[in-house]
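Here are the chains, one letter per residue:
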Amino acid sequence: MNNMPIQTESKFRQELKLELEHRDQFSMRRQLRVIKGNARIIEYEGKSYINLASNDYLGLSNHPHIKEAAINAIIKHGTGAGASKIVIGHQDIHHHVEKQFAAFKGAESALLLPTGYAANLAVLTSLAAPGDLICLDKLSHTSLIDAAKTSGATVRTFPHLQTAKLRKLLQRHSDASCCISSTNPSDTPKTYYTPLNRPPRRFIVADSVFSMDGDVAQLPELVSIAKEYDAILIIDEAHGTGLMGKNGSGLCESQNVKGQVDVIISTASKALGSLGGIVTADRIIIDTILNHGKTIIYTTSIPPAQAAAIGAAIEVIQNDEHRRHYLQQISLKFRHALLNMGWQLPDLISEDEITPIFPLILGSPEKAIKAYELLKKSGFLAFASRYPAVPRGEDRVRISLRADLAENDLDKLITAINSLN
Ligand SMILES: Cc1ncc(COP(=O)(O)O)c(C=O)c1O
């Protein structure tokens, strides 16, 4: 009897086991924790902890108005959207929330997708193609990097928040592009205007608030570079939307560049407290993404309850500045305490740009895990971020503050961190 397939399978499993053991040796193995709840207090292995690991910065995932909106949407519309957005999955509730979100962002149009990851994929693969250049801030989120690579465009990075190399990359590409003769669409047979018969494009892509360091992009500078080099500016506001700006619409608002960024991607999975990617842009760009984005066309539209939760979260953000201001206030206090203890933090250009994300950089996966364990003993659950989520040697504990923390929680946290040294 031929037992070859079984042998192959077991060899495959042995390889996987070896790789996982290797991860264990270097404290790089990821494992799931079963957590109860997602509020200020969470439970893990029967013990309660103060939650410093969530991106639900404003605590909106438990907000009564948002929960009620989601429940009502289930009662009225059911649990599923039933089909892709381009079939029958774009219901009145989705349509309404897209309009509401576009107004919140001061954009002409908005598009809801299942997640921020899916939104980034849809945006870059719809707008960029081979022959184009995508310049990414080196610390851009993995979903942007993956999306850029998937588009087939040439992908280059520039050092984090530094624009000299960005300018060089754009200049080189525009010098090369002027030698490429683009075909006039009217000379080609009556067909779609494909990337093959258009001039090459240049894109500048970055996060607004960087998720692992909590620092922010200087958007006015990126806007002006984009204009100078005829580039398209795409900003991922995953961690800015809901937090930054007077009305909480994001860093574009707080840095006064609303309407000057070509495409903005937001996600409801952070400060909005639920799930869903939202792209805002001109109608022409949104229509293009709708016609090309595989993570829209070939996936089911978000459930009505999810759309309703997004709409209700925008209402809360617009009407309840207090949470945002309190979070800024405790974040400034925490930053001050960390600097006094000697922790290195990214520069803060203005107090308006404070974010609730704090990296305690420890330098190795082992040290990051040790600090995570010590904080856990003091009653805080934070997250140990290790390579490749962060650059090698910058392994850290990432602390995210939340608007429902008491002043007393913060004082205890500062004491616990002080005893790490
Ligand atoms: C900057 C950034 N962009 C995109 C995403 C993906 O968003 P989502 O969780 O909605 O897929 C995340 C986080 O997960 C993120 O931090």
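Treat the numbers as computed from the prediction; the structure is a model and nothing was measured. Going along each chain's sequence as written, the residues are numbered from 1 onward. Since the coordinates come from a predicted model, pLDDT governs what is reported: local features require at least 70, and pairs of side-chain atoms require 80 or more to be given and counted, while whole-chain, interface and lining totals use all residues.

Engineer: Looking at this structure, how should I read the nonpolar core?
Structural biologist: Note on soluble globular proteins: their nonpolar side chains tend to be buried together. Residues Val123, Ile134, Cys135, Val279 and Ala313 are the most contacted members of the largest nonpolar core, which totals 112 residues. Under the scheme used here, helices are H or I runs from DSSP no shorter than 4 residues and strands are E runs no shorter than 2 residues, and both carry numbers assigned from the N terminus. In terms of residue count, helix α12 (residues 304-319) provides more of this core than any other element does, 10 residues in total. An automatic or database domain assignment provides the domain bounds reported here. Both domains that furnish three or more residues to this core are identified here as domain 1 (31-57 + 321-418) and domain 2 (63-318). Distance between backbone-placed C-beta atoms decides contact: two residues are in contact if it is within 7 Å. When residues no more than four places from it in sequence are discounted, the contact partners of Cys135 are Arg156, Phe158, Leu166, Leu169, Leu170, Phe203, Ile204 and Val205. By definition, a nonpolar core groups buried Ala, Val, Leu, Ile, Met, Phe, Trp, Tyr and Cys residues that connect through C-beta atoms lying within 7 Å of each other. Neighbour density around each residue's C-beta defines its exposure: 20 or more other C-beta atoms within 10 Å make it buried, 12 or fewer make it exposed, and counts between make it partly exposed, where C-beta atoms are placed from the backbone.

Engineer: Explain the sheet that holds strand β13 (residues 383-385) to me, please; I cannot follow it from the model alone.
Structural biologist: Across a sheet, strands are paired by hydrogen bonds formed along the backbone, either parallel or antiparallel in direction. DSSP calls a pair of strands paired once it identifies at least 2 bridges connecting them. Within the open sheet, the 3 strands sit side by side as β11-β14-β13. Their pairing is antiparallel. Whereas interior strands pair on both sides, the edge strands pair on one side only; in this sheet they are β11 (357-361) and β13. Sheet twist, expressed as the average angle between the axes of neighbouring strands with direction ignored, equals 30°. Relative to strand β14 (residues 396-400), β11 is paired through 5 bridges, and the arrangement is antiparallel. Throughout, an axis means a line fitted to C-alpha atoms (over the contacting stretch in the case of helices), and angles, computed between N-to-C directions, take values from 0 to 180 degrees.

Engineer: Explanation requested: the sheet that holds strand β12 (residues 380-381) in the structure shown.
Structural biologist: Strand order in the open sheet formed by 4 strands is β1-β2-β3-β12, with mixed pairing between adjacent strands. In this open sheet, the two edge strands, each paired with only one partner strand, are β1 (35-36) and β12.

Engineer: Explain the environment of Ile88 here, please?
Structural biologist: Relative to the helices and strands, Ile88 is located in helix α3 (residues 85-89). You can call Ile88 exposed: it has 11 C-beta atoms within 10 Å. When the C-alpha atoms of Ile88 and Asp352 are compared, they prove to be 42 Å apart, with 264 residues separating the residues in sequence. Dropping the residues within four chain positions of it, Ile88 is found in contact with Gly82 and Ala83.

Engineer: What exactly am I supposed to notice about the site of the ligand here?
Structural biologist: Nearness is defined per residue: the C-beta atom, placed using the backbone, must lie within 6 Å of the molecule or strand. Thr115, Gly116, His141, Ala238 and Thr267 are the nearest of the 14 residues found near the ligand. Counting residues per element, the shell around the ligand draws most heavily on helix α5 (residues 116-127), which supplies 3 residues. Residue composition of the shell around the ligand, grouped by class: 2 nonpolar, 10 polar and 2 charged. Only Asp, Glu, Lys and Arg are considered charged in this grouping, and only Ala, Val, Leu, Ile, Met, Phe, Trp, Tyr, Cys and Pro are considered nonpolar; every other residue, Gly among them, is considered polar.

Engineer: Just to check I follow, could you spell out the domain arrangement of the protein chain for this structure?
Structural biologist: One frequent convention defines the size of an interface as the accessible area lost when the parts assemble. Segmenting the protein chain into domains produces domain 1 (31-57 + 321-418) and domain 2 (63-318). When each unit is reduced to the centre of its C-alpha atoms, the spacing between domain 1 and domain 2 is 28 Å. Counting residues at the interface gives 15 residues for domain 1, matched by 15 residues for domain 2. With 3 residues, β11 is the single largest residue contributor to the side of domain 1 that touches domain 2.

Engineer: Before we go on, may I ask you to explain the pairing of strand β7 (residues 202-207) in this structure?
Structural biologist: In terms of burial, β7 is a largely internal element, 6 of the 6 residues being buried. Residues Arg202, Ile204 and Ala206 of β7 are buried on one face, and the alternating residues Phe203, Val205 and Asp207, pointing to the opposite face, are buried as well. By the bridge criterion, 4 bridges tie strand β5 (residues 133-137) to β7 in an arrangement that is parallel. Paired with Leu136 across the bridge in β7 is Val205. Here 5 bridges tie β7 to strand β8 (residues 232-236), and the two strands are oriented parallel to one another. Bridge assignment links Val205 to a residue of β8, and that residue is Ile234. On the question of chirality, the crossover connecting β7 to the parallel β8 by way of helix α8 (residues 219-228) is right-handed. Seen with the strands pointing away from the viewer, any crossover whose path from the first strand over the helix to the second strand runs clockwise is right-handed.

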